[in-house]
Each structure stands twice: as structure tokens, then as C-alpha cells.
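# Report on the structure
The residues making up each chain are set out below.
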Amino acid sequence: MLYDDQTIMTGAKVGTMTKRNLARRQFIQFLAASPLFVGLNPHRLLAGTTSDADPGVSTSLADTLQNLVTSPEDALDVFDFQRVAEQVLPPAHYGYLATGTDGDETLHANRAAFEKWYLRALRMVDSASIDTRLELLGQELTSPIVIAPVGSQRAFHPEGELATAQAARSRDHLLILSNVTTTSIEDVIDARGGTVWFQLYPTSNWSVAEKMVKRAEKAGAPVVVLTVDLHSGSNRVTMMRYIRRDGRDCSLCHDQTRDNSWLDRKPMYWDTGATSAGFDTPSMTWDFVGRLKSITNMKVVIKGIVTAQDAESAVQHGADALIVSNHGGRAEASGWATLDSLPEVVRAVNGEIPVMIDSGFRRGTDIFKALALGANAVCIGRAYLWGLAAFGQPGVEKVLDILSAELAMVMSQMGTPTLKDIGPSSIGRH
Ligand SMILES: Cc1cc2nc3c(=O)[nH]c(=O)nc-3n(C[C@H](O)[C@H](O)[C@H](O)COP(=O)(O)O)c2cc1C
């Protein structure tokens, strides 16, 4: 048993326990009973020790316990979900979610960049009604907040991509589905109740890529998003540290007796003839984009651009849009934040195609800053994964609600009631 009353008695002084503490205890107990949440360690939580604090986590366990929300409704910002996610996920799975590369320099740079920019408010503008609608690649969207592609979502919650898709449906956000998801595109489109964009890792075997793209197109995806920033692996040190701390027997869920059993849980690879994920594509050049365009009528978006030079090449090779991204700091240790690379990409593109961005977005003001620097839309990754891990679909919904409410508030405060009102004069650099 993961949870015992003796620990409660000694760790948290039952005599002085408040009703709120009791509710939190019951919540932790509930989480501990779930098979997915075997990483939860109530002994550690309740003891409030800090000796095994996780890399990159600044709060002590006592603080963590004090701040752990017990329902999505209690969350004040998206970081409340991070605290729960970290406690409920098995360490190896949380490590996969949290990791950057090397010493997580790019991860930190992404967040630090938001503080280099400040907002410039215009007063006496009628901002009583906030309008976040936009048109993107022929689609009418109600929000510029887009759900980024993330693989293996059942590692975070048993309902995985279906919970995310249902949240996207109930809150009406564009969803980009990874090709390494644990749920097929057909099922996700069904749960979303509408189209999704399909993200493709190039894969070293062209015929595998071709089959996946044709399947996505047949399923109704109007856009394929080609991720170009992960062609030579990445050094995920933080993830490896979490895996080492995970005392569970991974082979109980992951078949380690066969090479590439990973493919068994990735339905988009089924019937493609794939014998490996084929992520390593270091010889890929811009010709790949032309090749992709030749086999599909879907629009092609390039994800992972950070320089003006590549932005120009993408336009020349027929990209329909770009996503400025460093994979949330988990591709390379460049130490260069996407918010800081956004201005040169926007200048290079010169309005010819839409520019989206991701990596590090956690608050409405972060999103506003990117829109002010010329982004058309902003994708979120870890923020919604924290919500998913913590509470499933309602967690993702609340993350979307928080970010949407924060964005609406800052738009009103800045005197920019529509997205078109947000521009270079809305922002300055310290
Ligand atoms: C756990 C995890 C898995 C991811 N899987 C994919 C993927 O399958 N395809 C992809 O293009 N990007 C993937 N990404 C990157 C996201 O699409 C996005 O670029 C990134 O999460 C944005 O940064 P943020 O997490 O700081 O918001 C993944 C990110 C995370 C955190």
C-alpha cells in the first residue's frame, strides 16, 4: 500500500489537521490508488522533506504540498497543474514531460525571454468587448491559442490524446496531432468533433512518411506540420535523471524483450511497414518540403524555424506557414529563446505567410508579447500536459480557460480589444 495512516499521524500532526488538509490528503490518497500514478509518494509529500528535490524544481516538498490544488477549479495559474503533475506522474514519465537538453539552457532561456520585454498600455480605448478570433490557413479560429503536437500522451493520463481532443472540442481550440501519439488520427478527429492538423516527423524511410501523410489527408486533416528541429537526437539529461530515480519495473508496461516494441503503441505507424521510428534524418534538406508537397494537397507548415535565413528558405520552398519553435527547449541547447528569434523571422517572412510560435508560453502576457512581435498564433505544450496529467480532460480545459482569460484581460488592459490592434507599439524591450 502506498499510503498509510501511520505516516499521516507522524508526518502531519492529525490533532491540528484542518478540513482543507484532510481534503488534500484524501485527494492524494485517491491519486495514489490509480495505477498510472504509482510515482506519487505520499510518505515523501507528507513528511515534507527536501532531500530528494527534483532537478529544476525550486519549491520544497512542504511548499509543494501546501500549494497542491485538489481540483482544476482551484488552480490560479497553469503552474498549479505543474505541481500536481510532478507529484502524480511516475518519475520517468514526468522526466519525459519536463526535460530540456544538456543543462536545460534553452528551456530556461525560453522563459527568461518574456522578462526582457514589457507591455505598453493605451488608455481610454473601448475594450469592453474582447475579440480573439482570427483566420489561419483558411480556418476560422476563435482563439490564437493552439494545442501543440505532443507524442505519447497516455504516458500522462490513461485517456491521453482523447482527453486533450475533447478539451479542444469543448473550448474550441485548434489541435495539432503528433504522428507519435498513442491514439490514431481517426479517433482523435472523432473526439475533437472536427479537423485537426497532423504533425509529421520526417522519418528516415520516405514510404513510411508518405503512408502516414496520405492517411492523415484521408482522415480529413487540412494541414501537415513538418517538424524539422529533431533530426539528430537530443541530449535529454533531465529525463535520464528522472528515469534513474524511478524504482518501478518499466517492463511491466513497456515490452523490453523486442526491439522497437515502441511501434506497437503508435497507431500512425501501423501498416506503414516501419521497423523503427526513423527520427534520425540528418541528411534532410529543403527538397523534402517539395517532395512532401508533391504527394499531398494539404497545406504544409514547417515547425522548428528560428532564423531569418530558414524563414526565407521556407517561403521559397512553398511553406504555407511557419512555427517558430525550439521544441520547448528539448531539441538543442542553443540557449536562444523563440521569443527572441521571432522578430527576425517575422521580418524575413514579411507578411507572406502566417508565423506561429511556441516554447515556454505559460501566461496570457507571454502570448500577448508574441502577438505584439508579429506572431499570428501561439502553441502551448507543457502547460496543457500539466493539466492533462493532473486531472485529464477537465485539467486541459481549465488550462485553456486560464490562458484565455489571462489573454483577454491583458488585451483589455493594453487597450487592444482585437488581435489586429496588437502590434509593435504594444511592446518594448528593457
Ligand atoms: C512531452 C513532449 C512531447 C512532445 N512531442 C512532440 C511531437 O511528437 N512532435 C513535435 O513536433 N513536437 C513535440 N513536442 C514539442 C511541442 O510540440 C512544442 O514545440 C513544445 O512543447 C512547446 O514548448 P512548451 O512545452 O514550453 O510549451 C513535445 C513536447 C513535449 C513537452
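Basis of the calculations
Counting starts from 1 at the beginning of each chain's written sequence and moves along it residue by residue. Per-residue local features are limited, in this predicted model, to residues with pLDDT of at least 70; the limit for side-chain atom pairs, both in listing and counting, is 80 or more; totals at the level of whole chains, interfaces and linings are taken over all residues. The side-chain numbers reported here are obtained from all heavy atoms of the structure, hydrogens and water having been left aside. The rule for a salt bridge is simple: a side-chain nitrogen of Lys or Arg has to be within 4 Å of a carboxyl oxygen of Asp or Glu. Here a strand is any run of E in DSSP of at least two residues, a helix any run of H or I of at least four, and the numbering for each starts at the N terminus. Three labels apply to residues, based on accessible area from a 1.4 Å probe with only protein chains included: buried if under 20% of the type maximum, exposed if over 50%, partly exposed otherwise in between. To estimate how far a helix should extend, the number of its residues minus one is multiplied by 1.5 Å. Arc, as used here, means the arc of the directions from the helix axis to the C-beta atoms. Here a residue-residue contact requires only that any non-hydrogen atoms of the pair lie within 4.5 Å. If a single non-hydrogen atom of a residue is within 4 Å of a molecule or strand, that residue counts as near it. What qualifies as a polar contact is a pair of N or O atoms within 3.5 Å, subject to a donor-acceptor requirement within protein and to the restriction that residues adjacent in sequence count only when both atoms come from side chains. For accessible areas, the Shrake-Rupley method is used with a probe of radius 1.4 Å. Any residue's cover is judged against the shown protein chains and nothing else.

With that out of the way, let us pick up the pattern of salt bridges. In the structure shown here, the tally under the stated rule is 16 salt bridges. Across the salt bridge formed by arginine 215 and glutamate 186, the nearest N and O atoms sit 2.9 Å from each other. In this pair, arginine 215 sits in helix H10 (residues 206-219) while glutamate 186 sits in helix H9 (residues 185-192), placing the two residues 29 residues apart along the sequence. Between arginine 248 and aspartate 246 there is a salt bridge, with the nearest N and O atoms lying 2.7 Å from each other. On the basis of relative accessible area, arginine 248 is assigned to the partly exposed category, the value being 29%. Salt bridges sharing partners connect three or more residues here, namely Lys116, Asp340 and Arg429.

Moving on: H10. In this model, H10 (14 residues) spans 20 Å end to end at C-alpha, consistent with the 20 Å of a helix rising 1.5 Å per residue. Within H10 the residues assigned to the buried category are Trp206, Val208, Ala209, Met212, Val213 and Ala216. One side of H10 holds all its buried residues, which, seen down the axis, span an arc of 160°. In this fold, the buried residues of H10 make contact with H9, strand S6 (197-200), strand S7 (223-227) and helix H12 (287-295).

Turning next to the site of the ligand. Inspection of the region around the ligand gives 24 residues, with Pro149, Ser178, Thr227, Asp358 and Gly360 positioned closest. Between the ligand and the protein, one listed contact pairs an oxygen atom with a backbone N or O atom of proline 149 at 2.7 Å. One nitrogen or oxygen atom from the side chain of tyrosine 201 is found 2.9 Å from a nitrogen atom belonging to the ligand. Notes on the ligand: free accessible area 600 Å², of which the protein chains cover 98%.

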